[in-house]
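Coordinate inspection notes
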Amino acid sequence: QNSTYYENEFFKKALHIKVGFDVRLQDAYYADNYFAPYSIFYNQSDVKVKIYPVFDLFVSATIKRMRVFIKYEHLNQELFPEYPSNNFPHYPTEPRVLRFGFSWLFFD
């Protein structure tokens, strides 16, 4: 896993911003399989999950006491169709998704 980002402060250090991307790479392995009717995982040695990178793009900002973030996860989901992205054999991972949020600290 690797995070590469650029961060800087603006407006007399009132705004702190971070822009970058995350890369996760998992080695090929025999993942546990999932049997949906019984909701159980079991060991298997037939299907090997391939090496597949996952890219996320993010922007994070702190404005005085408020933190804001926006993250676009699994940016490369359909970029390489020959490399299926799955954590379990025959089951896909999460699709591309846009997440955002904020937290605000209140003081008396």
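Residues numbered from 1 in each chain as written. Predicted model: local features only at pLDDT ≥ 70, side-chain atom pairs only at ≥ 80, totals over all residues. Heavy atoms only, no water.

Observations regarding the environment of Thr-62
One can find Thr-62 in strand β5 (residues 52-63). Excluding its chain neighbours within four sequence positions, the residues that come into contact with Thr-62 are Ala-14, Leu-15, His-16 and Arg-67. (Helix = DSSP H or I, 4+ residues; strand = E, 2+ residues; numbered from the N terminus. Contact = heavy atoms within 4.5 Å.)

Description of the sheet that holds strand β2 (residues 15-26)
A sheet is described by the order of its strands in space; here five strands give the open sequence β1-β2-β5-β6-β7, paired in antiparallel fashion. Two strands bound the open sheet, and with one partner strand each, they are β1 (2-10) and β7 (97-104). Ignoring strand direction, the axes of neighbouring strands in this sheet form an average angle of 10 degrees. In terms of strand pairing, strand β6 (residues 66-73) meets β7 through eight bridges, oriented antiparallel. Residue pairing for β7: Lys-71 is matched across the bridge by Arg-99. (Pairing = 2+ DSSP bridges. Axes fitted to C-alpha atoms, helices over the stretch in contact; angles between N-to-C directions.)

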